[in-house]
Structures are given as C-alpha cells and as structure tokens.
Amino acid sequence: MSVLVFIDHSDDHIKKSSFEALTYGSKLAEQLGTTVEGIVLGSVKDDLAALGKYGVKKIHHVNNDALTNLDAQAYTNAIAQAVQSTGATVVVFSNNVNGKAVAPRLSAKLKAGLVSGAVGLPDTSNGFVVKKGVFSGKAFAKIAISTTVKIIAIQPNSYKTISGEGTAEVAALDVTVDAPKVKVTAINKVVGEVPLSEAELVVSGGRGLKGPENWGMLEEMAKLLGAATACSRAVADVHWRPHHEHVGQTGLAIAPNLYIAIGISGAIQHLAGVNRSKTIVVINKDPEAPFFKAADYGIVGDAFEVVPKMNDAIRKLKGL
Ligand SMILES: Cc1cc2nc3c(=O)[nH]c(=O)nc-3n(C[C@H](O)[C@H](O)[C@H](O)COP(=O)(O)OP(=O)(O)OC[C@H]3O[C@@H](n4cnc5c(N)ncnc54)[C@H](O)[C@@H]3O)c2cc1C
C-alpha cells in the first residue's frame with residue numbers, strides 16, 4: 001500500500017501545483033502509515049531527486065518523449081500501469097487542467113472512486129472521507145470512497161506547500177505507450193506572462209475600465225507586482241481581453257494570495273471563480289458594488305485616479 005502522486009510539468013519544469021500535490025501526498029502517507037511515491041511522464045529538465053524535499057521517497061520516471069506533452073489517453077494508460085506495478089492504493093492529482101483530463105479517465109479505467117476538487121486531507125477515522133467544495137465554494141460535501149484504489153484531485157492552492165530536507169530516489173519506469181490516437185500538430189503559448197492558474201498575485205479588470213485601450217495601467221500594475229492579469233466575463237465577451245483571462249463560474253477558478261479587482265461589480269458568477277483568494281482588494285467607484293462585501297480591503301474611487309496613484313506608490317516602494 002502506498003500513495004502515488006502524479007507530478008505534472010510544462011515547458012521542461014515541474015508545475016507549482018505538483019509541489020502542493022506532493023506535500024498533500026506525503027502528509028496523507030504519514031496519516032496512513034505508508035510511503036509516498038511520485039510519477040513523472042515524459043522529459044523534464046528539473047532535478048527530480050530534489051523533489052524529496054516535499055516528502056516523496058521515490059520518483060518513477062517514464063522518460064518517453066511521446067509523453068512529454070499531455071495526451072490524456074496515453075497518460076491514463078501509463079499511470080494505470082504504474083498503479084499496478086507500485087501497488088499504490090491512493091493516487092493524488094492536482095485538480096488543474098491536466099489533472100482534470102486524466103484523473104476521471106483513470107477512475108473509469110481502474111474502477112476507482114474519485115473525488116475531484118478536494119480541499120483537505122481525508123478523514124480516515126471511519127472509512128475514507130474526502131471534503132470538497134461544491135456550489136462554487138458556497139458549501140462543502142464530504143464524500144466517502146469505498147473502492148480499493150482511491151483517487152483524489154486536490155484543488156489548487158487549497159493545501160499549503162511545505163518543503164524541508166530530503167532527496168528522492170529516481171527510478172526509470174518502463175510502461176507500454178500505445179501509438180497516440182490524436183496528434184498535437186502545434187502548441188501556441190502566450191509567452192512572457194505569469195500564467196493565471198499558477199499566479200500568486202492577480203490584477204483583474206472589469207467593464208468599469210470603459211475600453212481595452214485603458215488596460216495599460218492594469219498591465220503596468222501587474223508588471224510592477226509580478227502579477228498575472230485577469231478580467232470579468234463581460235470584458236472577455238466583448239473582446240477587450242482574451243478569453244483565457246476570464247475568471248469566474250464559466251471561466252478559470254483561481255485562488256491567488258492577492259486578487260485586485262478593478263472596476264468589477266462582483267456578480268455572483270464572478271465571485272465563484274475568485275472567492276478562494278487569500279486577500280481581495282476591490283477598487284470601485286460605487287460604494288454599493290456587491291464586490292465590497294467579499295473584499296478584505298476596499299477603495300471607493302475612480303479607477304482612473306486610484307490605479308495610477310497606486311502604481312506610483314508601488315514604484316516608490318520598490319525604489320524604481
Ligand atoms: C450563466 C452565467 C455565467 C457567468 N459567468 C461569469 C464568469 O465566469 N465570470 C464573470 O466575470 N461573469 C460571469 N457572468 C456575468 C456576470 O453576471 C456579470 O455580468 C459580469 O461579471 C459583470 O462584469 P463586470 O463586473 O466587469 O461589469 P459590470 O457589471 O458592468 O460592472 C462594472 C463595475 O465597474 C464599476 N465602475 C464603473 N466605472 C468605474 C470607474 N471609473 N472606476 C471604478 N469602478 C468603476 C461600476 O460601479 C460597476 O460595479 C455570468 C453570467 C451568467 C448568466
């Protein structure tokens with residue numbers, strides 16, 4: 001019996017969400033009195049042994065170029081083989097884009113119970129009960145998994161990453177990789193920006209900014225803070241900003257340490273995607289804007305006056 005953590009990577013580097021999944025997996029293994037191992041599919045430049053600092057004892061590396069980019073079917077087959085060869089009884093994913101593509105497929109293939117969007121360690125005092133957020137984070141559900149193999153996909157930013165000392169043993173794992181049924185012909189990535197799903201700090205704008213030509217001050221703030229930019233759906237729908245920046249119920253759900261909302265009303269569908277942020281700052285000229293109810297800090301004022309002043313203050317603070 002052991003815990004197996006799927007270690008996700010992109011552009012040759014391990015994703016931040018995998019550090020969280022590894023910490024979660026190692027704490028879970030401690031709780032179950034077992035060991036935690038990890039699995040990496042495809043080639044990656046980072047030092048895998050160094051992942052031992054998150055508590056993982058052994059990394060199984062399937063160093064097959066066919067697996068370097070996500071192919072959900074091939075990943076599912078490879079992980080299923082790893083589950084069998086390692087005897088893992090709990091498989092941990094991050095509930096990020098790749099986790100959402102693979103965990104349900106693995107669940108179907110292994111007939112293993114899955115809880116996606118878990119927000120804490122399972123209660124193992126009487127069975128195996130996992131807590132997850134439901135109704136856009138408005139309530140919690142506790143779900144018991146009764147199958148032998150259990151799968152948990154942990155909600156990004158819901159478990160604190162802890163790193164210490166330690167080195168993991170890295171062992172090559174041989175799995176059969178079937179010929180792909182789909183072929184990725186091109187990957188076009190937005191470069192030079194902080195990816196929104198991984199960002200610790202986010203500066204977000206809404207219809208209150210009046211038009212796409214006014215986003216310069218937001219982009220400046222994001223640059224000064226090292227933040228990602230986001231927007232409301234209303235803004236993405238009218239093409240002021242690209243859809244990959246749209247957060248909310250029908251967009252990305254994020255949980256950064258700091259979310260700065262500028263000229264956004266705070267509709268329930270918007271809040272659904274950002275209300276797990278650690279600190280929310282709202283800038284809105286309407287003191288009755290609903291977003292203020294969810295804010296930790298609020299500034300009632302015109303964004304066109306407030307944001308340039310904030311940028312000046314950040315520049316001063318940073319000595320720029
Ligand atoms: C099924 C469904 C799903 C949806 N999913 C999403 C979703 O995922 N994400 C999402 O965002 N929305 C979603 N929506 C839309 C949502 O209901 C709102 O319409 C949308 O979030 C409003 O965007 P907004 O706050 O940018 O615009 P508005 O509601 O127009 O608000 C603009 C705000 O800017 C303020 N403002 C104006 N001028 C200034 C200024 N100069 N300085 C400071 N503040 C100013 C105003 O006081 C106002 O509060 C969904 C709706 C439905 C029905």
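Note that this is a predicted model, so its numbers are computed, not measured. (Residues numbered from 1 in each chain as written. Predicted model: local features only at pLDDT ≥ 70, side-chain atom pairs only at ≥ 80, totals over all residues. Heavy atoms only, no water.)

### With respect to the overall build of the protein chain
Here is step 1: Of the regular secondary structure elements, the protein chain holds 8 helices and 16 strands.
Here is step 2: The dimensions of the protein chain, computed from C-alpha atoms along their principal axes, are 60 × 45 × 40 Å.
Here is step 3: Counting the 320 residues in the protein chain, one finds 47% classified as buried.
Here is step 4: Of the contacts formed within the protein chain by residues at least 6 apart in sequence, a portion of 64% connects residues at least 24 apart.
Here is step 5: By element, 52% of the accessible surface of the protein chain is carried by carbon and sulfur atoms, the whole surface being about 15,700 Å².
Here is step 6: Positive and negative side-chain charges of the protein chain, numbering 33 and 29 respectively, have mean locations separated by a distance of 5 Å. (Helix = DSSP H or I, 4+ residues; strand = E, 2+ residues; numbered from the N terminus. Buried < 20%, exposed > 50% of the residue type's maximum accessible area, 1.4 Å probe, protein only. Contact = heavy atoms within 4.5 Å. Areas by Shrake-Rupley, 256 points an atom, 1.4 Å probe, with all protein chains shown as cover. Lys, Arg positive; Asp, Glu negative; His and termini not counted. Charge placed at Lys NZ, Arg CZ, Asp CG, Glu CD.)

### Topic: the environment of Ala 80
Here is step 1: If you trace the backbone, Ala 80 turns up in helix α2 (residues 72–86).
Here is step 2: As for Ala 80 and Leu 106, which are separated by 26 residues in sequence, their C-alpha atoms are 6.7 Å apart.
Here is step 3: When near neighbours in sequence (up to four residues on either side) are disregarded, Ala 80 contacts Leu 106, Lys 109 and Leu 110.

### Details of the packing of helix α4 (residues 216–225) against helix α8 (residues 303–317)
Here is step 1: For the pair α4 and α8, interaxial distance at closest approach is 10 Å and the crossing angle is 25 degrees. Judged on the interaxial angle alone, α8 and α4 are roughly parallel. Handedness of the α4/α8 crossing: left-handed. Contacts from Met 217, Glu 220, Met 221, Leu 224 and Leu 225 of α4 reach α8 at Ala 303, Phe 304, Val 307, Pro 308, Met 310, Asn 311, Ile 314 and Arg 315. (Axes fitted to C-alpha atoms, helices over the stretch in contact; angles between N-to-C directions. Parallel < 35°, antiparallel > 145°, perpendicular 65-115°, else oblique. Left-handed = near helix turned anticlockwise from the far one by under 90°.)

### Re the pattern of salt bridges
Between side chains of opposite charge, pairing is possible as soon as their charged atoms come close.
Here is step 1: A complete count under the given rule lists 9 salt bridges for this structure.
Here is step 2: A salt bridge links Glu 220 to Arg 315, with the shortest nitrogen-to-oxygen separation between them at 2.2 Å. Linking Glu 220 in helix α4 with Arg 315 in helix α8, this pair joins segments that are 95 residues apart in sequence.
Here is step 3: The class for Glu 220 is partly exposed, based on a relative accessible area of 33%.
Here is step 4: Between Arg 315 and Asp 312 there is a salt bridge whose closest N-O contact spans 2.6 Å. One end of the pair is Arg 315 and the other is Asp 312, both in helix α8 and 3 residues apart, which spans about a single turn.
Here is step 5: Overlapping salt bridges, with partners in common, bring together Glu 219, Arg 241 and Glu 245 in one network. (Salt bridge = Lys/Arg side-chain N within 4 Å of Asp/Glu carboxyl O.)

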